[in-house]
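Results of the structural survey
Here is how the chains run, residue by residue.
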Amino acid sequence: MAAPLFITFEGIDGSGKSTQARLLADRLRAQGIATLLTREPGGSPGAEEIRALLLTGASGRWSAETEILLFTAARRDHLEKTIRPALAAGQCVVSDRFADSTRVYQGATRGNLRAMVDSLHAMMIGREPDLTFVIDMDPATALARGLARRSGEDRFEDMGLPFQETLRHGFLALAHAHADRCVVIAGNRDTAEVASEVAAHALSRLAGSAA
Ligand code: ADP
Ligand code: TYD
């Protein structure tokens, strides 16, 4: 029996994380692997309430510091109520975003707040994913995809292209620094092609974790 894995998807807005997280969860389930699909911010009732505070309203609504606290509060609830119980019950967890998003969005776009992000993470979260897919692609194409969707939760997309360029570099640097758990996936390809590359990595990691 394979030990359940905690798998996350990261990347800029519109890069295909939600699509790929759903396809991976479907694929794992089709292989008979119990899998919980979740997302951040959100993933538990309390964290979903915090999500609404974070993603709607004017782009200048919160300072970077306040955002760090709100995202960390949401993540703590998500971890307590959803992620840890699922892993303990033997389910794989696939999350659309996790702590790497805070490291990049809050830690590296409005001054260097990374030390603050890291110390809050150490104090309140203290858990890393076993495997992280960083979906990399050109921000102009990703932004066009994301805004075409018009979800009403576009506070970060509304910050524009240079912001997304900064994020892209932030995610690539993070993937490089955490090469043990991060896999960079080229996102500007056919959905099914991306999905089969992702599934191959996940299944091989699961095979490696089998007792
Ligand atoms: P994210 O969660 O990273 O914001 P989504 O998975 O929601 O990205 O995808 C953003 C939009 O782009 C959606 O409308 C989705 O259907 C579309 N999309 C996702 N993957 C691809 C792809 N490989 N090629 C073209 N469009 C895609
Ligand atoms: P999401 O719904 O995944 O947006 P998208 O589908 O456009 O990628 O995430 C909502 C937004 O919240 C997204 O713009 C990234 C941002 N975010 C942070 O700034 N910090 C965080 O810690 C997380 C989890 C998300």
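Just above sits the structure.
For the structure given in this document, a descriptive report is provided here.

So, how was this worked out
- Residues numbered from 1 in each chain as written.
- Chains lettered and ligands numbered in written order.
- Predicted model: local features only at pLDDT ≥ 70, side-chain atom pairs only at ≥ 80, totals over all residues.
- Heavy atoms only, no water.
- Salt bridge = Lys/Arg side-chain N within 4 Å of Asp/Glu carboxyl O.
- Helix = DSSP H or I, 4+ residues; strand = E, 2+ residues; numbered from the N terminus.
- Buried < 20%, exposed > 50% of the residue type's maximum accessible area, 1.4 Å probe, protein only.
- Arc of directions from axis to C-beta.
- Contact = heavy atoms within 4.5 Å.
- Pairing = 2+ DSSP bridges.
- Axes fitted to C-alpha atoms, helices over the stretch in contact; angles between N-to-C directions.
- Near = heavy atom within 4 Å.
- Polar contact = N/O pair within 3.5 Å; in protein donor to acceptor, adjacent residues only side chain to side chain.
- Areas by Shrake-Rupley, 256 points an atom, 1.4 Å probe, with all protein chains shown as cover.
- Phe/Tyr/Trp six-rings, centres within 6.5 Å; stacked < 30°, edge-to-face > 60°.
- Lys NZ or Arg CZ within 6 Å of the ring centre and 35° of its normal.
- Parallel < 35°, antiparallel > 145°, perpendicular 65-115°, else oblique.
- Left-handed = near helix turned anticlockwise from the far one by under 90°.
- Nonpolar A, V, L, I, M, F, W, Y, C, P; charged D, E, K, R; others polar.

Moving on: the pattern of salt bridges. As enumerated under the stated definition, the model contains 17 salt bridges in all. Of the charged contacts, one joins Arg103 and Asp118 as a salt bridge, the two residues approaching to 3.9 Å between their closest N and O atoms. Within this pair, whereas Arg103 is found in helix α4 (residues 99-106), its partner Asp118 is found in helix α5 (residues 114-124), the two being separated by 15 residues in sequence. Among the salt bridges present, the one from Glu193 reaches Arg189, with a minimum N-O distance of 3.4 Å. Given a relative accessible area of 41%, Glu193 falls into the partly exposed group. Arg189 gets classed as partly exposed once you look at its relative accessible area, which sits at 26%.

For helix α2 (residues 45-55), the set of buried residues is Ala47, Ile50, Arg51, Leu54 and Leu55. Each buried residue of α2 lies within a common arc of 120° when the element is viewed along its axis, so the set occupies one face. In α2, those exposed residues whose orientation departs by more than 90 degrees from the buried face are Pro45 and Glu49. Its buried side turned inward, α2 meets β2 (35-39) and α3 (64-88). Positioned one or two residues after α2, Gly57 has a phi angle of 100°, which is positive.

The parallel open sheet is built from five strands, whose spatial order is β2-β3-β1-β4-β5. Taken across any chain shown, the strands that pair with only one partner, and hence form the sheet edges, are β2 and β5 (182-186). For this sheet, the mean angle separating the axes of adjacent strands, direction not counted, is 20°. Here four bridges tie strand β1 (residues 6-11) to strand β3 (residues 92-96), and the two strands are oriented parallel to one another. Bridge pairing in β3 links Phe6 to Val93.

Once that is clear, we can look at the site of ligand 2. In the vicinity of ligand 2 there are 16 residues, among which Asp13, Arg51, Arg97, Thr102 and Gln106 approach most closely. Lys17 has a polar side-chain atom sitting 2.9 Å from an oxygen atom of ligand 2. At 2.5 Å, a side-chain N or O of Thr102 approaches an oxygen atom of ligand 2. Relative to its unbound accessible area of 540 Å², ligand 2 is 95% covered by the protein chains. Mapped onto the shell around ligand 2, the elements with two or more residues apiece are α2, α3 and α4.

Applying the stated criterion across every chain, the model contains four aromatic pairs. For the ring pair Phe6 and Phe98, a centre distance of 4.9 Å and an interplane angle of 85° mean the geometry is edge-to-face. Placement of the pair is Phe6 in strand β1 and Phe98 in the loop between β3 and α4, with a sequence separation of 92 residues. Like Phe6, the residue Phe98 is buried in the burial classification. The ring of Phe98 has Arg75 sitting right over it, with the charged end atom 5.3 Å from the ring centre.

At a minimum axis separation of 9 Å, α4 and helix α7 (residues 161-177) run at an interaxial angle of 130°. Considering their axes alone, α4 and α7 lie oblique with respect to each other. Of the two possible hands of crossing, α4 and α7 adopt the one that is right-handed. Counting all contacts with α4, which are made through Asp100, Ser101, Arg103, Val104 and Tyr105, the residues of α7 involved are Phe163, Leu167, Gly170, Phe171 and Leu174. Per-class residue counts for the contact of α4 with α7 are six nonpolar, two polar and two charged.

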